[in-house]
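If you want the building blocks of each chain, they are given just below.
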Amino acid sequence: MAGNLAGRMLRYGLAVLLVLLGLVLIAGGVRLLMLGGSPYYLCAGLLLLIGGILGFLGRGAALWLYAAFLLGTLVWSLAEAGLRFWSLLPRLAGPAVLALVLAIPVVRRAMAGEGARRAGQGVLAAGLLALGVLGASYVLTDSGTREGGPAMAANAAATGGAGLEWTAHGYDSGGSRHSPAAQITPANVGQLQQAWRYRTGDSNAARPDIAQPMSFMATPLMVDDTLVFCTPIGAVVALDPETGAQRWRHDPQSSFGAAQMLNCRGVSVHRAGGAGPCADRVLSTTVDGRLIALDLKTGAICRDFGDGGTVSLLDGLGEFERGATYTSSPPEVIGDTAVLGGYVRDNFTSAEASGVVRAYDTATGRLLWAWDSGRADDAPPLGEGETYTHGSPNAWSVLSADPALGLVYVPTGNATPDHVGTHRSAQLERYASSVVALDARTGRVRWHFQTVRHDLWDYDVPAQPVLFDFPTPSGAMPAVAVPTKRGEIFILDRRTGAPLTGIEDRPAPRGTVPGERYAASQPYQTGFPTLRPAKLRESDMWGATPIDQMLCRIRFRSVDYQGDFTPPSTRGALQYPGIFGMLNWGSASLDPRRGLMLVNSAAIPQIVTLHDRAAMAGQAAGNAHTAGMLPQEGTDYALTMEPMLSVLGIPCTTPPWGQLTAIDLDARQTAWQVPLGSSEDVAPLGIAVPGIFSIGGPITTAGGVTFIAATLDDYLRAFDTATGRELWRGRLPAGGQATPMAYVSPTSGRQFVVVAAGGHGFLGSTPGDYVVAYALGEGDAR
């Protein structure tokens, strides 16, 4: 009696499971079909529902029906996804495992009685076949591509500083992110050890008095045997590069106002020569709008700079909410001039502070010129009581410079608010989402190239332009690479802005928002590899299970999507890539000897929805601030943005979500591409899906090793620059959302690789306040 009762309970339990799964799939399948989606889920739900009812009745047909369901699922999965493992996994893994459970003799007898042996064999065969296909797809899934021939040599451009130092944010003024240090090689990188670790004390855990989330994005500099960097609150720290011991620290005691996040990507050093105080000076900025000069050796304030060591960056900005604009990237030093832009808060109001770019004398702090993209090119300097243009396109990322040409290369954003353009004038549009070459002496525009027309997607040029010599049939050309959020890397003649590869205008979709205008076309690069993602299809939707995958499909079908440049809408528009883009401020690294460009990319789809302010008038949710919306004041629409994630918090697109790519500059082909990082530190149960989101960038070294942290898992990784093979990984104490750097210590002659590990305040990586250095052990530098 007890055995019969247990058998019935097992049968009823499995039958209820099949019925519930069937009902969920039927409900979702009907919704998806009404939206024009796949009929699979409705058909699968019906089979499971009928199978559950038959199982409840103890019929052997229940097992045959489940086997038919699984075989049909296998055929559908292969038709949609081919033999791509990560695409097949959520479609097949769960159903196949359930088939094996149903085939267990005790379960099979409970479900269908003693006479259902053949039905049990049938469901077992279906389960094993599905798992076999899944296993074969795992074996066949290549971890990366190997396209193109051997890398050819190309010469680096605009290098500066001693070869074994790291004197600018991107190594040199051209942003090559390539160190000539060659001690660490593919043969010995596996022996890297932590050499020292320093804690700044500037994290949300250590500073509970600070409400704003912090992100530690700094890349230290190593100049004249001093390692110097800034912390998220704007404090400047100098360390001994051999031991990591603190030499000095300067805390500017900033007020943070309405700042949404605290971050500082680095400082700059100007070397005037001589031996007096402040002959070599550190230039840093603060959240409350100050440019400060400090003695590199002592940290003492340079009193001859500005007003007692400080220049106000608030002059000429007029009225705005404090903390809504500040300079988060280091000034670009060219000669005796420091040029800097600034971050401007997105999507709050068209009356934000100006995105003006300004140049200052590095010795005196005197303002030399100002370029405000909202004013005419020939506009005179500001008069008494005048202000720069509110809400004009800003330059929040890192600038580059070519001293020989006397040019500064400025990557710009669009005029905020970012996702509505009804308020923008022709002047505000002219230089938006562009790279602009300014005369370093006068601030006049020499040339510009616009990467997005009438930008409604916050597709700023987010990365430092990279200067290099581009191989062409007629010889090497002085070029600038412009990485964009879109995934396009435009290659231009850095003297004139003329494209060095093909540019093709392609029609762009139009939206339906009243009063909005839409660009008829957008520029696409040809003749050079692109990291632009392919247009999404319903079959690209992903999930950990068939159910959350189905829900992602429903969401995909429920919003507007026309591929690239789908305009924002009141229904909700799918923007892919989202505002973090494919590429961001980590930019690219150029290995001149191997002729390779290294770049990390990642993309998460995003739902962008406009909310008509007039339609919300009088409603409880009409206040954009209290409803969790971004107000976009100065336009008719508030805004909501959210990543397109499954109910389990997983991106709705198929992994890998992040990659590291090497581009052969001579062949103009992808040399290799591999997934970058894994989800082990952010996924439930530590599941390691390869290829995770990253922000930060790579560096290359003359030793043939590429280093990168950046990912949401807590590792610094080393790759063989020539092949893309991962050679080593070092566990970080916190998220490494920063670009590393390398130098050779003048004390020991050892090569060090250093990275900031403090996490990102908005991305959920492990928080901290660490600077970590790695080096080879004694006797390993061979």
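Residues numbered from 1 in each chain as written. Predicted model: local features only at pLDDT ≥ 70, side-chain atom pairs only at ≥ 80, totals over all residues. Heavy atoms only, no water.

Q: Would you explain empty space enclosed by the protein in this entry?
A: Which parts of space are left empty comes out when a probe the size of a water molecule is rolled across the atoms. Tallied over the full model, the rule gives nine cavities of 30 Å³ or more. Considering the residues around the largest cavity, the lining is formed by 15 residues, among which Thr325, Thr327, Gly341, Gly342 and Arg358 are closest to the centre. By residue class, the composition of the lining of the largest cavity is six nonpolar, eight polar and one charged. For the second largest cavity, the calculated volume is near 100 Å³. (1 Å grid on protein atoms, 1.4 Å probe; cavity = no way out; pocket = protein on both sides within 12 Å on 5 of 7 lines; lining within 4 Å. Points joined across faces, edges and corners; volume = space filled by probe spheres on them. Nonpolar A, V, L, I, M, F, W, Y, C, P; charged D, E, K, R; others polar.)

Q: Explain the pairing of strand E37 (residues 715–720) here, please?
A: Residues in a regular strand point their side chains to alternate faces of the sheet. Across the six residues that make up E37, a large majority, six, are buried. Burial along E37 is two-sided: Tyr715, Arg717 and Phe719 and Leu716, Ala718 and Asp720, pointing in opposite directions, are all buried. Where strand E36 (residues 705–708) lies against E37, four bridges are found, and the strand directions are antiparallel. Bridged to Phe707 within E37 is Ala718. Of the pairings in the sheet, the one linking E37 to strand E38 (residues 726–731) comprises five bridges and is antiparallel in character. Residue Tyr715 lies in a different strand from E38, and its bridge partner there is Arg731. The loop that links E37 with its antiparallel partner E38 comprises five residues; one of these, Gly724, has a positive phi angle of about 85°. (Buried < 20%, exposed > 50% of the residue type's maximum accessible area, 1.4 Å probe, protein only. Helix = DSSP H or I, 4+ residues; strand = E, 2+ residues; numbered from the N terminus. Pairing = 2+ DSSP bridges.)

Q: Quick question: what am I supposed to make of the state of the cysteines here?
A: Working definition: the covalent bond between the sulfur atoms of two cysteines is a disulfide. Applying the stated criterion to the full structure yields three disulfides. Disulfide pairing is shown between Cys278 and Cys302; the S-S distance is 2.0 Å. Taking the torsion about the sulfur-sulfur bond, which here is approximately -100°, the covalent link between Cys278 and Cys302 counts as left-handed. Placement of the pair is Cys278 in the loop between strand E9 (268–271) and strand E10 (280–285) and Cys302 in the loop between strand E11 (290–295) and strand E12 (310–312), with a sequence separation of 24 residues. The residues Cys278 and Cys302 share a single accessibility class, namely buried. In this model Cys552 forms its disulfide with Cys652; the gap between the sulfur atoms is 2.0 Å. As the torsion about the S-S bond is roughly -65°, the Cys552-Cys652 disulfide counts as left-handed. Here Cys552, found in helix H8 (residues 546–557), pairs with Cys652, found in the loop between strand E32 (637–643) and strand E33 (658–664); they are 100 residues apart in sequence, far enough to count as distant. Assessed through its relative accessible area of 1%, Cys552 is described here as buried. Since its relative accessible area comes to 0%, Cys652 is described here as buried. (Disulfide = S-S within 2.5 Å.)

Q: How should unusual backbone geometry be read in this particular structure?
A: With the exception of glycine, most residues fall at negative phi, and the peptide bonds are largely trans. Of note, the amide linkage connecting Thr416 to Pro417 takes the cis form, showing an omega dihedral of -5°. Here Pro417 shows up in the loop between strand E20 (407–411) and helix H7 (426–430). The omega angle of the peptide bond from Pro655 to Pro656 is 5°, so this bond is cis rather than trans. The topology assignment puts Pro656 in the loop between E32 and E33. A positive phi angle, close to 55°, is found at Asp224, a residue other than glycine. Within the secondary structure layout, Asp224 lies in the loop between strand E4 (221–223) and strand E5 (226–230).

Q: I keep staring at the packing of aromatic side chains and nothing clicks. Help me out?
A: Given two aromatic rings, one states the distance between the centres and the angle between the planes to describe the pair. In total, this model carries 26 aromatic pairs according to the counting rule given. Taking 5.2 Å as the distance between ring centres and 55° as the angle between the ring planes, the aromatic pair formed by Tyr326 and Tyr343 counts as tilted. Taken as a pair, Tyr326 in strand E13 (residues 325–326) and Tyr343 in strand E16 (residues 343–344) lie far apart in primary sequence, 17 residues in all. This pair shows no difference in class: Tyr326 is buried, exactly as Tyr343 is. Ring geometry for Trp457 and Tyr459: centres 6.3 Å apart, planes at 25°, overall stacked. Each of the two residues, Trp457 as well as Tyr459, counts as buried. In textbook terms, an aromatic cluster arises when at least three aromatic residues are bridged by ring pairs, as seen for Phe85, Trp86, Tyr138, Trp542 and Trp657. (Phe/Tyr/Trp six-rings, centres within 6.5 Å; stacked < 30°, edge-to-face > 60°.)

Q: Is there a simple way to think about the pattern of salt bridges in this case?
A: Oppositely charged side chains may form a pair once their charged atoms are brought near each other. Under the definition given, this model contains 40 salt bridges. Between Asp402 and Arg494 there is a salt bridge, with the nearest N and O atoms lying 2.7 Å from each other. Taken together, the residues span a long stretch of sequence, with Asp402 in strand E19 (residues 400–402) and Arg494 in the loop between strand E25 (489–493) and strand E26 (502–507) at a distance of 92 residues. For the pair formed by Asp402 and Arg494, the shared burial category is buried. Note that Asp439 is salt-bridged to Arg446, the shortest N-O span being 3.0 Å. With a relative accessible area of 44%, Arg446 lands in the partly exposed category. In this structure, a network of salt bridges that share partners links the residues Glu80, Arg91, Glu538, Arg553 and Arg557. (Salt bridge = Lys/Arg side-chain N within 4 Å of Asp/Glu carboxyl O.)

Q: What is the right way to look at the sheet that holds strand E34 (residues 669–675) in this model?
A: Backbone-to-backbone hydrogen bonds pair the strands of a sheet. The strands run either parallel or antiparallel. The sheet built from four strands is open, its strands ordered E29-E30-E33-E34 with antiparallel pairing. Edge positions in the sheet fall to strand E29 (588–591) and E34, since each has one partner strand and no second. Each strand of the sheet is rotated relative to its neighbour by a mean of 20°, with strand direction disregarded. Pairing analysis gives four bridges linking E29 to strand E30 (residues 596–602), with the strands arranged antiparallel. Bridging from a neighbouring strand, Ala588 pairs with Val599 of E30. (Axes fitted to C-alpha atoms, helices over the stretch in contact; angles between N-to-C directions.)

Q: What's the story with the packing of helix H2 (residues 40–56) against helix H3 (residues 61–81) in this structure? I'm lost.
A: In a pair of packed helices, the angle between the axes and the distance between the axes together describe the arrangement. Where H2 meets H3, the axes come as close as 8 Å, and the angle between the chain directions of the two elements is 165°. As judged from the angle between their axes, H2 and H3 are roughly antiparallel. When you trace H2 past H3, the crossing you get is left-handed. Packed against H2, whose contacting residues are Tyr40, Tyr41, Ala44, Leu47, Leu48, Ile50, Gly51, Leu54 and Gly55, the element H3 presents Ala61, Ala62, Leu65, Tyr66, Phe69, Thr73 and Trp76 at the interface. Partitioning the contact of H2 with H3 into residue classes produces 13 nonpolar, three polar and no charged. (Parallel < 35°, antiparallel > 145°, perpendicular 65-115°, else oblique. Left-handed = near helix turned anticlockwise from the far one by under 90°. Contact = heavy atoms within 4.5 Å.)

Q: What should I look at first to understand helix H4 (residues 85–103) in this one?
A: Because each turn of an α-helix spans 3.6 residues, side chains separated by three or four positions end up pointing in the same direction. At Leu92, H4 shows its maximal kink, close to 40°; a proline, Pro95, follows between one and four residues later. Of all the 19 residues making up H4, 14 are buried; the element is thus mostly covered by neighbouring parts of the structure. (Bend = angle between axes of the 7 residues up to and from the residue.)

Q: Mind showing me how you'd approach the pairing of strand E18 (residues 367–371) here?
A: As judged from the four bridges shared by strand E17 (residues 357–361) and E18, these two strands associate in the antiparallel manner. Within E18, the position partnered with Tyr360 by the bridge is Leu367. Between E17 and E18, which pair antiparallel in sequence order, lie five residues; one of them, Gly365, sits at a positive phi of approximately 80°.

Q: Which parts of the structure should I look at to understand the environment of Ala206?
A: By secondary structure assignment, the location of Ala206 is in the loop between strand E2 (192–199) and strand E3 (214–215). Linking Ala206 and Asp769, residues 563 residues apart in sequence, is a C-alpha distance of 8.7 Å.

Q: Explain the sheet that holds strand E28 (residues 573–575) here, please?
A: Taken in spatial order, the three strands make up an open sheet running E28-E31-E32, and their pairing is antiparallel. The two strands at the open ends of the sheet, each matched to only one other strand, are E28 and E32. Each strand of the sheet is rotated relative to its neighbour by a mean of 30°, with strand direction disregarded. Strand direction decides the pairing type here: E28 and strand E31 (residues 606–612), joined by three bridges, are antiparallel. Looking at the pairing, Gln575 lines up with Gln606 of E31.

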